[in-house]
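Structural overview for review
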Amino acid sequence: MKLFDTLSSTLKEFKPIEKNKVKMYVCGMTVQDVPHAGHLRTFTSFDILRRYLEYKGYEVIYVQNFTDIDDKIINKSKELNIDWRKLAYKYESEYIKYAKIMNFKDVEFYPKATLHIQEIIEIIQSLLNKNFAYISNGNVWFDVEKFERYGKLSKKSLDELISGYRIEPDLSKRKPYDFALWKAYKEGEPYWYSPFSKGRPGWHIECSAMSITHLGKTIDIHGGAEDLIFPHHENEIAQSEAFTGQVFSNFWIHTGFLTIGGEKMSKSTGLFFSAKDLLEHYDPNVIRLFFLKAHYRSPLEFSNELLEDAKNGWYRIKNFLLEFKDEGKIYNDLLNQFELAMDENLNTPKALAIIFEYINLAYKNFDIANDIAFTIRMILNILGFNLDFEVKNNKLEELINFIVEIRQDLRKQRNFEISDKIRNRLKEIGIILEDTKEGTKWKII
Ligand SMILES: [Zn+2]
Ligand SMILES: [Zn+2]
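Residues numbered from 1 in each chain as written. Chains lettered and ligands numbered in written order. Predicted model: local features only at pLDDT ≥ 70, side-chain atom pairs only at ≥ 80, totals over all residues. Heavy atoms only, no water.

**Overview of the packing of helix 1 (residues 37-55) against helix 11 (residues 332-343)**
- Their axes nearest at 12 Å, the elements helix 1 and helix 11 cross at an angle of 125°. It follows that helix 1 is oblique to helix 11 by the angle criterion. The crossing of helix 1 and helix 11 is left-handed. Taken together, the residues of helix 11 that come into contact with helix 1 (itself represented by I48, Y52 and Y55) are L335, F338, E339, M342 and D343.
- Residue classes in the contact of helix 1 with helix 11 are distributed as six nonpolar, no polar and two charged. (Axes fitted to C-alpha atoms, helices over the stretch in contact; angles between N-to-C directions. Helix = DSSP H or I, 4+ residues; strand = E, 2+ residues; numbered from the N terminus. Parallel < 35°, antiparallel > 145°, perpendicular 65-115°, else oblique. Left-handed = near helix turned anticlockwise from the far one by under 90°. Contact = heavy atoms within 4.5 Å. Nonpolar A, V, L, I, M, F, W, Y, C, P; charged D, E, K, R; others polar.)

**Some thoughts on the packing of aromatic side chains**
- Inspection of every chain in the model, using the stated rule, returns 24 aromatic pairs.
- On the numbers, 5.0 Å between centres and 15° between planes, the contact of F142 with F179 is stacked. Placement of the pair is F142 in strand 6 (residues 139-142) and F179 in strand 7 (residues 179-184), with a sequence separation of 37 residues.
- In this structure F142 comes out as buried when scored by relative accessible area, which is 0%.
- On the accessibility criterion, F179 (6% relative accessible area) is buried.
- Geometry around F230 places K156 over its ring, the cationic atom sitting 5.0 Å from the centre.
- Here the basic side chain of R174 rests over the ring of Y134, its NZ or CZ set 3.8 Å away from the ring centre. (Phe/Tyr/Trp six-rings, centres within 6.5 Å; stacked < 30°, edge-to-face > 60°. Buried < 20%, exposed > 50% of the residue type's maximum accessible area, 1.4 Å probe, protein only. Lys NZ or Arg CZ within 6 Å of the ring centre and 35° of its normal.)

**Notes on the domain arrangement of the protein chain**
- According to the domain assignment, the protein chain contains domain 1 (2-264), domain 2 (282-386) and domain 3 (390-444).
- The distance between the C-alpha centroids of domain 2 and domain 3 comes to 34 Å. (Domains from an automatic or database assignment.)

**Considerations on the coordination of the zinc ion (ligand 2)**
- For the zinc ion (ligand 2), the full set of protein donor atoms is H116 (NE2) and H214 (NE2), at a range of 2.1 to 2.2 Å. With H116 in the loop between helix 3 (84-101) and helix 4 (117-129) and H214 in helix 6 (residues 203-215), the pair connects residues that are 98 residues apart, well separated along the chain.
- Note on H116: relative accessible area 6%, which makes it buried. (Donors = N, O, S within 2.8 Å, 3.2 Å for Na, K, Ca; no water.)

**Here's the deal with the pattern of salt bridges**
- This structure, assessed with the given rule, holds 29 salt bridges.
- Residue E108 pairs with R50 through a salt bridge whose shortest N-O separation is 2.8 Å. Of this pair, E108 sits in the loop between helix 3 and helix 4 while R50 sits in helix 1; the two residues are 58 residues apart in sequence, bridging distant segments of the chain.
- Among the residues examined, E108 registers a relative accessible area of 37% and is labelled partly exposed.
- On the basis of relative accessible area, R50 is assigned to the buried category, the value being 0%. (Salt bridge = Lys/Arg side-chain N within 4 Å of Asp/Glu carboxyl O.)

**Quick word on the coordination of the zinc ion (ligand 1)**
- Note on the zinc ion (ligand 1): its protein donors are C27 (SG), C207 (SG) and H232 (NE2). The metal-donor distances range over 2.0 to 2.1 Å.
- As a motif over one chain, the donors of the zinc ion (ligand 1) read C-x179-C-x24-H. One end of the pair, C207, is in helix 6; the other, H232, is in helix 7 (residues 229-244), and 25 residues separate them in sequence.
- Residue H232 is classed as buried on the basis of its relative accessible area, which comes to 1%.

**A word on the sheet that holds strand 6**
- Taken in spatial order, the four strands line up as 5-6-7-8 in an open sheet, and their pairing is antiparallel. Both outer strands of the open sheet, strand 5 (133-136) and strand 8 (199-201), are each paired with one neighbouring strand and no more. Mean inter-strand twist for the sheet, computed between neighbouring axes without regard to direction, equals 20°. (Pairing = 2+ DSSP bridges.)

**Considerations on the nonpolar core**
- If you look at the biggest cluster of nonpolar residues, it comprises 97 residues, and the most contacted ones within it are M24, L49, L53 and I221.
- Setting aside anything within four residues of it in sequence, one finds M24 in contact with F46, L49, R50, L53, V60, I61, Y62, V63, L215 and I221.
- Formed by 30 residues, the second largest nonpolar core is a distinct cluster that contains L127, A133, I212 and A238. (Core = buried A, V, L, I, M, F, W, Y, C linked by side-chain atoms within 4.5 Å.)

**Looking at the side chain of E234**
- Topologically, E234 is positioned in helix 7.
- Buried E234, no salt bridge; nearest opposite-charge side chain is K155, N-O distance 7.2 Å.
- For E234, the residues in contact, after removing those within four places along its chain, are R149, Y150, G151, K152, L153, S154, K155 and I229. (Lys, Arg positive; Asp, Glu negative; His and termini not counted.)

**Describing the side chain of D68**
- Positionally, D68 belongs in the loop between strand 4 (59-64) and helix 2 (71-80).
- Although D68 is buried, it forms no salt bridge, and the closest oppositely charged side chain is K112 at an N-O distance of 5.6 Å.
- Reaching out from D68, the side chain makes a polar contact with the backbone nitrogen of A113 at a distance of 3.3 Å.
- A distance of 2.6 Å separates the side chain of D68 from the side chain of T114, its partner in a polar contact.
- The residues contacting D68, other than those within four sequence positions of it, are V31, I73, W84, A88, E92, K112, A113 and T114. (Polar contact = N/O pair within 3.5 Å; in protein donor to acceptor, adjacent residues only side chain to side chain.)

Next comes the structure, spelled out in structure tokens:
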């Protein structure tokens, strides 16, 4: 299986450090607000990656953090005049709620930055000891020039970076590209005690500490949306590798944006659809199908047309599965083609095209229809679709059969008044009973 690695800019054969085990860290939400559709897309991509790795036989340890201390959280809590911890907790719960609705498989850990202050302090102390960092006015800065490989992920040179900083640099740091590991206390902000000063951690160091604590010094996959490449992931690499002396992650996987009019969906620009809005209009399976129709690295334009397309696509799949639900076996051609597509950097648009191709084939060839349906069910499970509708449908079927049975008993007792009432009421609901020589048949119209 090949995955695109941002660091080497190549499609690389995936091989985990430990046989059969994958350690994967994905940068999660800064819990200052409810998720929007763009967040759902990002985490759907990583949900599919983890599910497909599991299908390939790996045990996946997936860690996704909550950044629960940050400028944005502090500012918003001041604005709303509520405790920053309450604010963070509220939006953590909101995220988990949507993760469940979207059928994201539970991750193994949701670490929170504020529960790793001790680990963060230890890393910063070590970076100070090794001279990769310096203290100035109670702030601790990472000394970017000391880390030779800085810029290797984002392909930026220090010269380029210098010219990029137009705003007056913070006077307590030596170079504009140095970044904060620890921020000294400011009036009205939360703080922790540390050997350097009373203060709080910078954003980047939080992820390094949580990844190293929960998954070890070197992990298999580190991921996030593509806007995290710089500076967040570049800085994570610098501080982690300076601290451990080892490669931080073997694969760097980044997902494309959900866009509106070509612009990244974002709360700050006002260009966004909330997860709530989206889920009020569309079934989670339809949303998943919509996301999968684009490759995870490509931008995806948020449009009603494409969502309606996905809706029609989902109905086609659903109706097919409801029609062909007899015992089946794996249809190898289909499964092989699906795997080939997914092995090539999770080519979900191709995988979906293959599914629809085989649905067409099944309608032309009923002999293999149940095998194809059986295999598509398996594939949809791998892709994280929720197939509960099939269970619900079986229950409905059982319920109607049960009502029909009672009506037969009533007819045997010559209680035509009530048996006719049952038939008429069912007809009003849209369920037609037909009494034939072989018994009562029914259909939903
Ligand atoms: Zn992060
Ligand atoms: Zn922890």
